[in-house]
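# Architecture and fold: a report
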Amino acid sequence: MSKTLLMQGNKAVAEGAVAAGAEFFGGYPITPSTEIAEELSALLPTIGGTFIQMEDEIAGIGVALGASLTGKKVMTATSGPGFSLKQELIGYAALAEIPIVIVNVQRVGPSTGQPTAPAQGDVMQARWGTHGDHPIIVLTPASVPECFRLTVRAYELSEKYRTPVILLMDEIIGHMREKVQLPAYDSIPKPERKKPLGPPEEYRAYSGAQTDLVPPMAAFGQGRRWHVTGLIHDEYGFPDGSGKATQELLDRLFAKINNHLDDIVETEEYRLDDADFALVAYGGTARAAYAAVDLARAEGVKAGLLRPITIWPLAEKQLKALGGQVKHIIVAEMNRGQYVLEVERTVAGRCPVTLYAKCNNEAIAPAELLAALQKAKQHTGGA
Amino acid sequence: MFMEQLIEKYFRPGRLPHIWCPGCANGIITGALVKAIYRTGLDKDNIAVVSGIGCSSRASGYLDFNTVHSAHGRALPFATGIKLAAPQMTVIVITGDGDAAAIGGNHFIHAARRNIDLTVLLYNNNTYGMTGGQYSPLTPTNSKASTAPYGTVDRPFDLAALARGAGATFAARGSAFHAPMLVDLILSGIRHKGFSLVEAVASCPISYGRQNKLGDAPAMLKWQRDHAVPAAAYEKLNDEQKADKFPIGVLHQADAPEYTEEYAKIIARARKEGGH
Amino acid sequence: MRQIRLSGTGGQGLILAGIILAEAALLDGRLAVQSQSYGPEARGGSSKSEVLIDTDPIHYPKITLPDTVLAMSQEACDKYTGDLPENGLLITDSLFVARLPDRPVKNVFSLPITRTAKEQLGKVLFANIVALGALVKITGCVSAESLKKAVLARVPKGTETLNEKAISLGAELAAAGG
């Protein structure tokens, strides 16, 4: 039976994890993500799952990756400084292709920064924080119901593509409470990773022979003994020092994501159909953007919003189309301008792209974006 | 069973020869591990071997179990996750002195504190062999290292004492020279329910021995023969006699609640008291 | 849209009060968003909890212009009433707030909230519920019935009667005026 509740964003993430069939959480306390750990410490054992608070952030992701190898769906959650510590093993998960959902509830940084204040300064860290070249999937919820839905979605993508998926939240969404209607969890299909078939001795944990480039993954302890390593490896998982192995493995890691962008990349459009001026905003900032669009429309500015829900990989197709449609794009974010760089690169001169940035412990307010839209209209010459 | 048969049974076909240098004692220690596993009679499917980074940690790739060659220092978190998520599995950690005591030191003491049922086989060659002989937390004071051309100032850990102090319920030390005894110690460690440390004194003639003029591989093994003293006898030595000796054997054994068993009780309680 | 700010000192239960108010709005069939300030402020310093109530979807989750501010400490009254418009509503706890904002606010209720909790219910910790009783009586932002339901769903077992009493004491204070 579904239920309607007032719920906090962080709690909705915990509920989403349980609904998706997650059975393991490893982590370390850090504001403003701690409620996720607290909720799961209570929830997981009731379904036979395991919660463990580890000695540090690195161990928090390490223990979860170990559990994932046994076939469990796993989660770790943190905020900026802890996210930095986890980066080493995010690279491991990407290379060894171990599914995991990593939540980062962003706060003001760098360093300890403002632990309880909202920011969106980890957008580039989520993309490029770990070492080496790698693909990554990053989802950004803008509401409490979406915290639930995108957590389930994160598991679907993580299991389907055998890859770490980052749920990049911010303090606004993590800590606010609003109405959420939770479906009955047994009505939610549980994301499952592809299981190997055929004789165990022929199992190749890293063979891209399958059409979608994602090899099936055997669970430890169930008869297929395979090797997991952070070294460049062959199809069986054994170290291979050749340049050919490096090229082939990295090509496949990128291709398995890039060949499925239509499945992975999700955006939302709000009043964009006839818009001349577009806001691009994600996460907590998008909440002000909806309101600003309504205010602008009421004042005769044909405004709309493109909200990237998958912020990595980049919604290139949608952004290019937007650049061809509108007269001006304003990217709003709670940092000093990160996502705007990618939007600008992608729009590539089709229309002007400007930044509305703010990082002073407070959410960007609708009136600020309204003023930015009005200014953009004036500059364009009153269309 | 002869070593040839053990190799056939427990080593992956086509993965040998190993990467270790001629004279390295890691092969002896890995051999002792598979002998101990053979004596447990455990099913290979039910064993996970998790290693970190370094010379010894390459062993996981050669062995025909569920194996993880994890990141530097992180073998214990991975192993903890496997054990918690699949408590029926026997989980063995292969690590080295730098991997476990330096970069993984925090994980080491906390795994010991939890008394989770893992067996840590630590190959102690007193150096970072793979990167060419830098000093580790188990390098004796005044040793030469590629990063200590004037000799080391640092005092080494006594890892067995550290493990005991942190809450481990089994701590033992063996050596490559005393290989049959090492097999017994590893077997006891695996059979012990709780966190077990088996430190295996290894030898690295290339990266450590050469810098410290310790002779060739046989000379380094003979050093082990001449300086290892059974734990009971070691206790009877005076401080002066102890100075250049090290004890081998079971150094600590105790009973304490094991983590996964205790967590199983939490699950039972949470289920009874009702979900959400 | 109603924009209500509950402010005071950490430990006065104002975050819980905000959650209860938002839950009561949901029980009324409306939408609500609750948020709060955290951190050093939440541990002994000033604390605020904000509730937005509307029949339409609420996009921006923070207060843009409050219509009601509850101030349960002098510091909160000084700090969190600056954006309250002249026709707004200010409810203060007369035990703690001696000095009102030095600009005109039409509707001010200075009520002995904490004193009532202590004297009539034996514990100051009922002050947040007394305050809710008063606030709901004055504003009608949620129905009395939903408020009662929401309070009873959140408070510890065994304290239901006292909490119901707290709501009606608050309503009585409001009816008596400020």
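Heads up: these notes are all about the structure in this document. (Residues numbered from 1 in each chain as written. Chains lettered and ligands numbered in written order. Predicted model: local features only at pLDDT ≥ 70, side-chain atom pairs only at ≥ 80, totals over all residues.)

## A word on the overall build of chain B
Helix and strand counts for chain B stand at 13 helices and 10 strands. Taking 2.2 N^0.38 as the reference for a compact globule, 276 residues should give roughly 19 Å; the C-alpha atoms of chain B span a radius of gyration of 19 Å, in line with that estimate. By its C-alpha atoms, chain B is 65 × 45 × 35 Å across when sized along the principal axes. A burial count over chain B gives 51% of its 276 residues as buried. A sequence separation of at least 24 residues applies to 66% of the contacts in chain B between residues at least 6 apart. (Helix = DSSP H or I, 4+ residues; strand = E, 2+ residues; numbered from the N terminus. Rg over C-alpha atoms; globule rule 2.2 N^0.38 Å. Buried ≥ 20, exposed ≤ 12 C-beta atoms within 10 Å, placed from the backbone. Contact = placed C-beta atoms within 7 Å.)

## Overview of helix 1 (residues 14-27) of chain C
All names here are of chain C. Here helix 1 is 14 residues long and its end C-alpha atoms lie 20 Å apart, about the 20 Å a rise of 1.5 Å per residue gives. Among the 14 residues in helix 1, 12 count as buried, and that is most of the element. Three or more residues of helix 1 are buried, namely Leu14, Ile15, Ala17, Gly18, Ile19, Ile20, Leu21, Ala22, Glu23, Ala24, Ala25 and Leu27. With its phi angle positive at about 85 degrees, glycine 29 sits one or two positions after the end of helix 1. (Expected span 1.5 Å × (residues − 1).)

## Let's talk about the interface of chain B and chain A
Every contact between the two is made by 34 residues of chain B and, on the other side, 37 residues of chain A. When residues of the side of chain B that touches chain A are traced back to their parent elements, those giving at least two are strand 2 (66-69), helix 4 (75-85), helix 6 (105-114) and helix 13 (259-272) of chain B. For the side of chain B that touches chain A, the leading source of residues is helix 4 of chain B, giving eight residues. Looking at the side of chain B that touches chain A residue by residue, the class counts come to 16 nonpolar, 12 polar and six charged. Pairing of strand 9 (residues 227-229) of chain A with strand 2 of chain B involves three bridges; the strand directions are parallel. (Nonpolar A, V, L, I, M, F, W, Y, C, P; charged D, E, K, R; others polar. Pairing = 2+ DSSP bridges.)

## Quick look at the environment of A:Phe51
All names here are of chain A. Along the polypeptide, phenylalanine 51 turns up in strand 3 (residues 50-53). Sequence separation of phenylalanine 51 and alanine 288 is 237 residues, and the distance between their C-alpha atoms is 36 Å. Once residues lying within four places of it in the same chain are set aside, the contact partners of phenylalanine 51 are Phe25, Leu40, Ser41, Leu44 and Pro45.

## Remarks on the arrangement of the chains
Between all two pairs of chains that are in contact, chains A and B come out with the most contacts. If you take every C-alpha in chain B and every C-alpha in chain C, the smallest gap between them is 15 Å, and the two do not touch.

## Focus on the nonpolar core
Formed by 270 residues in total, the largest nonpolar core has its most connected members in A:Leu279 and B:Ile82. Ranked by the residues each element gives to this core, the list is headed by helix 1 of chain C, at 10 residues. Per-domain counts for this core show at least three residues from each of domain 1 (3-187) and domain 2 (268-380) of chain A. Excluding residues within four positions of it along the chain, B:Ile82 makes contact with A:Gly66, A:Ala67, A:Leu69, A:Thr70, A:Phe220, B:Ala48, B:Val50, B:Met89 and B:Val91. (Core = buried A, V, L, I, M, F, W, Y, C linked by C-beta atoms within 7 Å. Domains from an automatic or database assignment.)

## Re the interface of chain C and chain A
Contact with chain C, which involves 16 residues of that partner, is made by 16 residues of chain A. Residue assignment for the side of chain C that touches chain A shows that the elements contributing at least two residues are helix 1 and strand 2 (31-36) of chain C. Per element, the largest residue contribution to the side of chain C that touches chain A is five residues, and it comes from strand 2 of chain C. Of the residues assigned to the side of chain C that touches chain A, the class counts are nine nonpolar, five polar and two charged.

## Description of the sheet that holds strand 10 (residues 267-270) of chain A
Residue and element names in this part refer to chain A. Taken in spatial order, the five strands of this open sheet run 10-12-11-14-15, and their pairing is mixed. The sheet is open, and its two borders are formed by strand 10 and strand 15 (353-357), each paired with just one other strand. In this sheet, adjacent strand axes meet at a mean angle of 20 degrees when their direction is disregarded. Where strand 11 (residues 277-280) meets strand 12 (residues 303-308), four bridges bridge the pair, whose relative direction is parallel. Each bridged residue has a counterpart across the sheet, and for alanine 278 the counterpart in strand 12 is glycine 304. Against the sheet, helix 13 (residues 366-380) engages strand 11, strand 12, strand 14 (328-333) and strand 15, with an angle of about 160 degrees to strand 14. (Axes fitted to C-alpha atoms, helices over the stretch in contact; angles between N-to-C directions.)

## Quick notes on helix 11 (residues 316-325) of chain A
All names here are of chain A. Looking only at helix 11, the buried set comprises Leu319, Leu322 and Gly323. Mapping the buried residues of helix 11 onto a view down its axis gives an arc of 100 degrees, with all of them on the same face. Looking at the packing, one finds that the buried side of helix 11 touches strand 11, strand 12, strand 14 and helix 12 (339-347). (Arc of directions from axis to C-beta.)

## Description of the sheet that holds strand 7 (residues 170-175) of chain B
Taken in spatial order, the nine strands make up an open sheet running 9(A)-2(B)-1(B)-3(B)-4(B)-8(B)-7(B)-10(B)-9(B), and their pairing is mixed. Unpaired on one side and paired on the other, strand 9 of chain A together with strand 9 (228-230) of chain B mark the two borders of the sheet. The average angle at which neighbouring strand axes cross in this sheet is 20 degrees, direction not considered.

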